[in-house]
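# Analysis of the macromolecular model
Now for the letters of each chain:
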Amino acid sequence: MKPRTKRALAIVVGLAVLGTAIALVMNAFQSNLVFFFSPSQVAANEAPRERNFRIGGLVKEGSIQRDTKSLTINFVVTDLAQTIPVTYTGLLPDLFKEGKGVVAQGKLGADGVFRADQVLAKHDENYMAPEAAAALEQARHGKMPKGETTYGAKP
């Protein structure tokens, strides 16, 4: 084989390996990407049904129901315009309370119940995740940007 052919073959193999590595990294990044949605966006069917996503808002007053025989808890997340029922099995953060901010990660079931596998509560009275604060503000004013799946990012 001529040196020129060997060099061309090495370049082609190198580009193929590089392309495969980039494809694997992009696939891993895409599968771990989790978007945030408000209850209004979920109610408008803007949230994916087949993938995990985060829903955030306030825990509706009087909505917490605990199963006495297990760690399952049912509650409702609201953005003051729409509500979404959530079920979660596991230990909750100490700051989880009615009327307080919450972000839950999981999937939306065919029955419209969000099945969370992780629940996060805000850490004090003054802080709220920027996405959750924006969603609550948008819901209060009855405005939802068309075509947005997260605040500040187009699908």
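Shown above is the structure to which this text applies.
I will try to describe carefully the structure that is included in this document. (Residues numbered from 1 in each chain as written. Predicted model: local features only at pLDDT ≥ 70, side-chain atom pairs only at ≥ 80, totals over all residues. Heavy atoms only, no water.)

Scanning the chain from N- to C-terminus turns up three helices and seven strands. Mapped from its N terminus to its C terminus, the chain presents α and β elements in the order α-β-α-β-β-β-β-β-β-α. Here the chain holds 155 residues, and 32% of them are scored as buried. A separation threshold of at least 6 residues defines the contact pool for the chain, and within that pool the share at least 24 residues apart is 50%. Element-wise, carbon and sulfur atoms account for 58% of the exposed surface of the chain, whose accessible area totals about 9800 Å². (Helix = DSSP H or I, 4+ residues; strand = E, 2+ residues; numbered from the N terminus. Buried < 20%, exposed > 50% of the residue type's maximum accessible area, 1.4 Å probe, protein only. Contact = heavy atoms within 4.5 Å. Areas by Shrake-Rupley, 256 points an atom, 1.4 Å probe, with all protein chains shown as cover.)

Owing to its 3.6 residues per turn, the α-helix aligns residues three or four sequence positions apart on the same side. Among the residues of helix α3 (residues 130–140), those classed as buried are Ala132, Ala135, Leu136 and Ala139. Seen end-on, α3 carries its buried residues on one side only, within an arc spanning 95 degrees. Buried residues along α3 sit against β1 (36–37), α2 (39–43), β2 (53–59) and β4 (72–78). (Arc of directions from axis to C-beta.)

This part is about the pairing of strand β6 (residues 101–108). Here β6 lies mainly inside the structure; seven of its eight residues are buried. Here β2 runs beside β6; their pairing, made up of six bridges, is antiparallel. Bridge assignment links Ile55 to a residue of β6, and that residue is Ala104. Strand direction decides the pairing type here: β6 and strand β7 (residues 114–121), joined by seven bridges, are antiparallel. If you follow Gly106 over to β7, its bridge partner there is Ala116. As consecutive antiparallel partners, β6 and β7 are separated by five residues, and within that stretch Gly112 has a phi angle of approximately 85 degrees, a positive value. (Pairing = 2+ DSSP bridges.)

Within the fold, Thr83 resides in strand β5 (residues 83–89). Here the alpha-carbon distance between Thr83 and Val42, two residues 41 residues apart in the chain, equals 9.1 Å. Discounting residues that sit within four places of it in the chain, Thr83 has contacts with Pro39, Lys60, Val76, Val77 and Thr78.

The next thing to look at is a nonpolar patch on the surface. There is a patch of nonpolar side chains on the surface, built from Ile11, Leu15, Leu18, Ile22 and Met26 and spanning about 510 Å² of accessible area. In this fold, Leu15 is placed in helix α1 (residues 3–31). In this structure Leu15 comes out as exposed when scored by relative accessible area, which is 54%. (Patch = residues over 30% accessible without salt bridge, like charges linked within 9 Å, V, L, I, M, F, W, Y side chains within 5 Å. Salt bridge = Lys/Arg side-chain N within 4 Å of Asp/Glu carboxyl O.)

Within β2, six of the seven residues are buried, which leaves the element mostly enclosed by the surrounding structure. In this structure, β1 lies alongside β2, joined through two bridges in parallel fashion. Each residue of the ladder has a partner; that of Phe37, found in β2, is Ile55. In the sheet, β2 pairs with β4 via two bridges, with the strands oriented antiparallel.

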